[in-house]
Amino acid sequence: MQKKQKGSTTAFCLGIVLIGAVLQAGGALKGNRVVFPGLAEIGQALFRLLGDGNTYLKIGTTLIHVLEALLISALIGILIGLAEGISGRIHSFFRPMMILIRSMPMIVMVILIMSMLEYRSVPVTAAGLILIPVFSEAVYEGCRSLEPELIDVYRMNGGFGFQVALHVYLPLISGYLKQAFVNAAGMGLKVVVSAEYLVQTKDSLGKAVYSSAYFSEYAEIYAYALIMVFLVLLITEVPGLLIRKKTA
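Residues numbered from 1 in each chain as written. Predicted model: local features only at pLDDT ≥ 70, side-chain atom pairs only at ≥ 80, totals over all residues. Heavy atoms only, no water.

Draft legend 1. Looking closely at the overall build of the chain. Summing up its helical and strand segments, the chain has 11 helices and 0 strands in all. Helices and strands in the chain line up, N terminus first, as α-α-α-α-α-α-α-α-α-α-α. In the chain, which comprises 248 residues, the proportion classed as buried is 36%. Put simply, 73% of the contacts in the chain that link residues at least 6 apart link residues at least 24 apart. Accessible surface, the chain as shown: approximately 14,900 Å² in total, 67% of it carbon and sulfur. (Helix = DSSP H or I, 4+ residues; strand = E, 2+ residues; numbered from the N terminus. Buried < 20%, exposed > 50% of the residue type's maximum accessible area, 1.4 Å probe, protein only. Contact = heavy atoms within 4.5 Å. Areas by Shrake-Rupley, 256 points an atom, 1.4 Å probe, with all protein chains shown as cover.)

Draft legend 2. Inspection of the packing of helix 4 (residues 88-103) against helix 6 (residues 122-144) at higher detail. For the pair helix 4 and helix 6, the least separation of the axes is 9 Å and the interaxial angle reads 135°. In this view, helix 4 runs oblique relative to helix 6, as classed from their interaxial angle. Pair helix 4 / helix 6 crosses with left-handed handedness. Where helix 4 approaches helix 6, its residues His-91, Met-98, Ile-101 and Arg-102 are matched on the opposing element by Leu-129, Ile-130, Ile-132, Pro-133, Ser-136, Glu-137 and Tyr-140. A per-class count over the contact of helix 4 with helix 6 returns 7 nonpolar, 2 polar and 2 charged. (Axes fitted to C-alpha atoms, helices over the stretch in contact; angles between N-to-C directions. Parallel < 35°, antiparallel > 145°, perpendicular 65-115°, else oblique. Left-handed = near helix turned anticlockwise from the far one by under 90°. Nonpolar A, V, L, I, M, F, W, Y, C, P; charged D, E, K, R; others polar.)

Draft legend 3. Looking closely at the packing of aromatic side chains. A full pass over the atoms with the stated rule returns 4 aromatic pairs. Plain terms: the ring middles of Tyr-214 and Phe-215 are 5.1 Å apart, the flat faces sit at 85° to each other, and that makes the pair edge-to-face. Accessibility expressed as a relative area gives 58% for Tyr-214, which makes it exposed. What links up through ring pairs into an aromatic cluster is the set Tyr-197, Tyr-210, Tyr-214 and Phe-215. (Phe/Tyr/Trp six-rings, centres within 6.5 Å; stacked < 30°, edge-to-face > 60°.)

Draft legend 4. Molecular detail of the side chain of Glu-220. Within the element layout of this structure, Glu-220 appears in helix 11 (residues 218-247). Here Glu-220 falls in the buried class, since its relative accessible area comes to 17%. Not counting residues within four places of it along the chain, the set of residues in contact with Glu-220 comprises Ala-45, Arg-48, Leu-49 and Ser-212.

Draft legend 5. Representation of helix 10 (residues 205-214) in the model. Every buried residue of helix 10 is accounted for by Leu-205, Gly-206, Ala-208, Val-209 and Ser-212. When helix 10 is viewed along its axis, its buried side chains cluster within an angular range of 160° and face the same direction. Where helix 10 ends, the next residue or the one after it, Ser-216, has phi of about 55°, a positive value. (Arc of directions from axis to C-beta.)

So this is what it looks like as structure tokens:
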């Protein structure tokens, strides 16, 4: 197990090195160090941002938006997914809506929501709506994969209810939910930052990226991208580590 974790960590670090190599190659091919700054410039920008207290305020604003979106989408998505897993008709009923949400370009979705709601609620609403199919489809697939014998056990003791969903279905499909959460965290951060960028949310990473792009500070943009990668790791990996420590 430890060897597997070390191998994954090594591969992840090599992936970061690959990103740096791509940036260096892009700068060499294009001859444009403004758009493709060197790793030293990006590193300096990253440490400069991490040393600025306002950066953590922006991280906190965006992180709260992401967590709120994940909570809302998970609650709605799990309820819809359970209903779809129990009834094929319910799945057919929700399927057109899920296809629409999944296939609509993210920028179009954000703009539509901007036209209907106050700007301050756009990042959470847009991300929450886009992430619902991620959870609902994972729960639906998990329910459909359950052994019929397991379903018959609870049917012998009564109908489907909250207790059955909480103590029978959700534990059995926990693997599907974990993968959905990992996928939703990365996607949610991208949607939230994009929405913050469009609506100019105060003290957010989206606003910070906009300001950096406006002043052609591309090194800062890449530095913010690295910060976002760390945020995704924080959201997806830290809860699992805490759970493993408690159960160890």
